[in-house]
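# Per-entry structural report
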Amino acid sequence: MKRSEVDIKKLSPMMVQYMEIKEQYKEEILFYRVGDFYELFFEDGELASRELELTLTGKNAGLEERVPMCGVPFHSVKPYVEKLVNKGYKVAICEQLEDAKDNKKMVKRGVTQVISKGTVVDLELLNEHDNHFIASIEDFTYIYTICYADISTGSIYVSILPHQKEKLISTLLNLGILEVVLKNKEDYNLIATLKGSYGIEVSICEEELEGKYTAIYDSLEEEHYIHAIKHLLYYLVVKELKDLSHMKPAEVIIPDDYLMMDVHTVRNLELIETLRLKERTYSLIWLLDKTKTSMGSRKLKYWLMNPLKNKEKIIERYNKIEKLNSEFILKDTLRNSLYQIYDIERLCGKITCGTLNGRDLLQLKISLKELPTIKEIMEQLHFKETIKTHENIYNLLEQAIYENPPVTIKEGYLIKDGYNKELDELKSIRSGGKEFIASFEAKLKEETGIKNLKVGFNKVFGYYIEITKGQLGNVPETLHWERRQTLTGCERYISPELKEKEAMILNAEEKIIDMEYKLFCEIKETIKKELLELKDTANQIALLDAITSLAVVAEEYHFVRPELNETHFIDIKNGRHPVIEKVSNFEYVKNDCVMDSSINTLLITGPNMSGKSTFMRQLAIIVILAQMGSFVPADKANLPIIDKIFTRIGASDDLVSGESTFMVEMKEAKNAICNATEDSLILFDELGRGTATYDGMSLAESILEYVSKNIRCKTLFSTHYHEITKLEHKIPSIKNIHVSAVEENGTLTFLHKMKNGAVDKSYGIHVAKLAGLPEEVIKKAEEILKEHENEKAKEPKKEKQIQFTMDLEDKPKDDMKEKIKKIDPLHMTPMDALNFVYELKEEIKNR
Ligand code: ADP
Ligand code: MG
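Thresholds, definitions, all that
- Residues numbered from 1 in each chain as written.
- Chains lettered and ligands numbered in written order.
- Predicted model: local features only at pLDDT ≥ 70, side-chain atom pairs only at ≥ 80, totals over all residues.
- Heavy atoms only, no water.
- 1 Å grid on protein atoms, 1.4 Å probe; cavity = no way out; pocket = protein on both sides within 12 Å on 5 of 7 lines; lining within 4 Å.
- Points joined across faces, edges and corners; volume = space filled by probe spheres on them.
- Helix = DSSP H or I, 4+ residues; strand = E, 2+ residues; numbered from the N terminus.
- Phe/Tyr/Trp six-rings, centres within 6.5 Å; stacked < 30°, edge-to-face > 60°.
- Buried < 20%, exposed > 50% of the residue type's maximum accessible area, 1.4 Å probe, protein only.
- pLDDT = per-residue confidence, 0-100.
- Contact = heavy atoms within 4.5 Å.
- Pairing = 2+ DSSP bridges.
- Near = heavy atom within 4 Å.
- Polar contact = N/O pair within 3.5 Å; in protein donor to acceptor, adjacent residues only side chain to side chain.
- Areas by Shrake-Rupley, 256 points an atom, 1.4 Å probe, with all protein chains shown as cover.
- Nonpolar A, V, L, I, M, F, W, Y, C, P; charged D, E, K, R; others polar.
- Axes fitted to C-alpha atoms, helices over the stretch in contact; angles between N-to-C directions.
- Expected span 1.5 Å × (residues − 1).
- Lys, Arg positive; Asp, Glu negative; His and termini not counted.
- Salt bridge = Lys/Arg side-chain N within 4 Å of Asp/Glu carboxyl O.
- Right-handed = clockwise from strand over helix to strand, strands pointing away.

### Here we look at empty space enclosed by the protein
Throughout the structure, instances matching the rule amount to one cavity of 30 Å³ or more. Taken as a whole, the largest cavity encloses approximately 30 Å³ of empty space. Lining the largest cavity, in full, are Ile572, Cys593, Phe615, Gln618, Leu619 and Ile622. A per-element tally of the lining of the largest cavity places helix H20 (residues 612-628) first, with four residues.

### Here's the deal with the packing of aromatic side chains
As enumerated under the stated definition, the model contains 15 aromatic pairs in all. On the numbers, 6.4 Å between centres and 35° between planes, the contact of tyrosine 18 with phenylalanine 42 is tilted. Residue tyrosine 18 is found in helix H1 (residues 13-24), and its partner phenylalanine 42 is found in helix H2 (residues 42-52); the two are separated by 24 residues along the sequence. Phenylalanine 42 matches tyrosine 18 in its accessibility class, with the two residues each being buried. Both rings, one in phenylalanine 31 and one in tyrosine 38, keep their centres 6.2 Å apart while their planes meet at 65°; by these two values the pair is edge-to-face.

### A few points about the confidence of the model for the chain
For the chain, the average pLDDT comes to 87, and 94% of its residues sit at 70 or higher. Note on residues 652-656: pLDDT is under 50 here. Beyond four places in sequence and across chains, it has eight contacts.

### What about the sheet that holds strand E24 (residues 681-685)?
Overall, mixed pairing links the seven strands, which are arranged E13-E23-E24-E25-E21-E26-E27 in an open sheet. Of all strands in the sheet, those with a lone pairing partner are strand E13 (260-261) and strand E27 (747-756), marking the two edges.

### A word on the site of ligand 1
Every residue lining ligand 1 is accounted for by Glu587, Tyr588, Val589, Pro607, Asn608, Met609, Ser610, Gly611, Lys612, Ser613, Thr614 and His752. Separating an oxygen atom of ligand 1 from a backbone N or O atom of serine 610 is a distance of 3.2 Å. Serine 613 is positioned with one of its side-chain polar atoms (N or O) 2.7 Å from an oxygen atom of ligand 1. Across the complex, the protein chains shield 79% of the 560 Å² of accessible surface that ligand 1 would expose by itself. Ranked by residues supplied to the shell around ligand 1, first place goes to H20 with three residues. Residue composition of the shell around ligand 1, grouped by class: four nonpolar, six polar and two charged.

### Let's talk about the sheet that holds strand E16 (residues 482-486)
Across the sheet, which stays open at both edges, the four strands sit in the order E14-E15-E17-E16 with antiparallel pairing between neighbours. Strand pairing shows two members of the sheet lacking a second neighbour, strand E14 (454-458) and E16, which therefore form its edges. Here the average twist between neighbouring strands, direction ignored, is 40°. Here helix H17 (residues 496-529) sits on the sheet in contact with E14, strand E15 (462-468), E16 and strand E17 (490-494), set at roughly 145° to E15.

### Considerations on the side chain of glutamate 530
Looking at the element boundaries, glutamate 530 is found in the loop between H17 and helix H18 (531-556). If sequence neighbours within four positions are ignored, glutamate 530 has contacts with His390, Asn392 and Ile393.

### Focus: the environment of proline 732
Structurally, proline 732 is set in the loop between helix H23 (727-730) and strand E26 (734-744). Assessed through its relative accessible area of 69%, proline 732 is described here as exposed. Taking C-alpha positions, proline 732 is 9.5 Å from threonine 601, a pair spaced 131 residues apart along the chain. The contact partners of proline 732, leaving out residues within four places of it in the chain, are Ser598 and Ile599.

### Remarks on helix H13 (residues 358-369)
Helix length check: H13 (12 residues) gives 17 Å between terminal C-alpha atoms against 16 Å at 1.5 Å per residue, within 8%. Within H13 the residues assigned to the buried category are Gly358, Asp360, Leu361, Leu362, Leu364, Lys365, Ser367 and Leu368. The inward-facing, buried residues of H13 contact helix H12 (344-353), helix H14 (371-380), helix H15 (391-400), H17 and H18.

### Brief notes about the environment of threonine 293
Along the chain, the position of threonine 293 falls in the loop between helix H8 (284-288) and helix H9 (294-305). Between the C-alpha atom of threonine 293 and that of aspartate 343, which follows or precedes it by 50 residues, the distance is 6.8 Å. Aside from chain neighbours lying at most four places away, what touches threonine 293 is Leu338, Ile341, Ile541 and Asp545.

### Digging into the side chain of glutamate 201
Within the secondary structure, glutamate 201 sits in strand E11 (residues 201-204). For the buried glutamate 201, which has no salt bridge, the nearest side chain bearing the opposite charge is lysine 117, at an N-O separation of 4.5 Å. With residues near it in sequence (within four places) discarded, glutamate 201 still touches Gly88, Lys117, Leu178, Glu179 and Val180.

### What to know about the pairing of E24
Across the five residues that make up E24, a large majority, five, are buried. Residues Leu681, Leu683 and Asp685 of E24 are buried on one face, and the alternating residues Ile682 and Phe684, pointing to the opposite face, are buried as well. Summarising the sheet, strand E23 (residues 644-648) and E24 pair through four bridges and their orientation is parallel. From the neighbouring strand, phenylalanine 646 faces E24, where its bridge partner is isoleucine 682. Taken together, E24, helix H22 (residues 693-711) and strand E25 (residues 714-718) constitute a β-α-β crossover, and its handedness is right-handed.

### Some remarks on helix H6 (residues 223-239)
Counted at 1.5 Å a residue, the expected span for H6 with its 17 residues is 24 Å, and the 23 Å between its end C-alpha atoms agrees. Extensive coverage of H6 is indicated by the burial of 13 of its 17 residues. With its phi angle positive at about 55°, leucine 241 sits one or two positions after the end of H6.

If you want it as structure tokens, here you go:
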């Protein structure tokens, strides 16, 4: 049965109310609170039953047929909502807005929150290391504006981007944006890419919010920024009913202030996740993150993703690292203090738009307790920043909140004794009642002479006097007891006196719960007034934690403080790739990287697996670390300040968009060539590998020449086309280097050491041998290679297709030939090669 087909006039009053509310939340899945359940009706019910594996039942709604329905208990609604939101649905939660017991008529209901992918605030649903951003984007045909906010932390940013769709998408991906709000559906392409390729939710909303939360943009003048912010605010406030009183004023991000890296670079360098497994473990941030708070962890990631270009700001971070490492006792004390601190930022978010409970306030209190110590350490370290200590809030929480509060706030047991007089009085009635029962029991025993008489309480029948069957005759008529319950061995009674007392005690219990809830809300309001200051403090803590983490890393992994120059000069002594160094079982071979102002390109040759890609990544990582304000993995480093990094490393097919390696390669090359400046760094790893030999070689050569002559930025270019190395003689700013390997009795040992000059051999066949390909295959390959080398000597210009001829006479063996043809031994892992050999062997055996 469809909602749209229903005759409203026939519906029960509650369902009429449902229909009215649902009319306003058509796009969302409406969770409709009915007593202890949330119920979902019609299409929502069917969808939820499918997606959440709930049983679909029916509700009697006044129609002939029952309305499709499924339901979840209110106390376990969270995982269901989470699941739907993760699948990209929006959920609207409709609550009962008045107490059912106070009201005999139908209770008022209304939607209290709308949850979508980008606006989750519950701590349990958030990853502590990541921000949870929602963005609004507007296309002005000559620029894009983007405004993005993390409601859980209360931060909001706004920026103007050049009108390049790739750049826009790259920015969204780098920020990890989960949901995007567009003004209209005009740009189908963009919507399809965001949704289809990257799983980013897209919502449409045209309006802008006027006259509310103006403090977020008051200090800004640029109209584009203000419109972008108002647009996002409208969506959050009107569509999603969010309370944004905890939002900080918007921060303007000028992309030009930061080292620019596109999404490929971030991926290729494995800054925040590894290429293969897409995991944080073994990424650069994994290595760098020694923070003690979630806020610090997020800040550090932000630094890594946004390295600076301003020398003073970078040096300020170096100075702090140096200071921290010279004061190791202070550093330790500081880290111990930081360890006690909870996610203040997100607790602040929960205070305004989440379900805050007593435990959250307790976490806040524990965190605030550390602030005086931290403030003092900051002073001792002579840091110019300082923090507020928020004693008033700390004291309030210390006086008010029980040390072990329950999870829900409507159970009582939240507020400490002595905090509120009225509450204390109610509590004494409650416990006095218990005392009364004890003395009442004693009194009755004496009056009646019944020794085993008991006074007790049970949830259904309330208070009772219990008399065993044998003693029934001894109950005096004069006491006017009423029978309450008959059990096998005894009777239970109630007396007028007990009844009166019962009412008082039960009443007190209820009043205590109401009172505690009221006090809790008051405390929340008090904190709310100081929210922005609290958030400032949280930010300072995050900065402090992040810089301390860099100091710890610098010390633990023997990083050095880099020097920065303005002369395009790179001089790295004994540089390392920090992650490989840490993870590899072998001793890491350190390498220098020197490019004075006359050299802008290093052309790297060397066998496969010798360490070319690692060397290139190492340089980029050192540059990024230096500009994020970190020390670097080397014995010495002198570096220019880089404005943009472009990379083309490894064969990462863009699986999502279905483009071939070669197309992706060429697009990335184009991106680099069109956007790089003299201050940029380009890494081209085996460019042109994705196409036929001569094509690839010619392209590689011409791109290299173009970059060297026209852009003149620092470039690392690795290649397996030895022919290109002759460019060194033609263009003086290109220098050949190679990675050495020693060949002994036909086996190859990689030294991973960079040397001057070019190699003239690719050793591909050696690698294949190392990988354990069958002797037969290797031998044949060697023969073919010889043939080719002879032919090439004769006619070097002509493209030649490699013919793989083996002695495979009959048909079934042909597919084996096909198989061997298809593999690319140079780019197989040893494991894959081994599996391949195994497969071949099995096949031969089976014939
Ligand atoms: P190439 O790009 O030349 O094929 P890679 O850079 O991918 O080679 O390196 C292959 C492997 O060799 C790496 O995974 C790493 O384990 C190891 N390696 C590379 N460089 C070094 C080094 N400097 N010291 C130690 N091991 C290294
Ligand atoms: Mg490589």
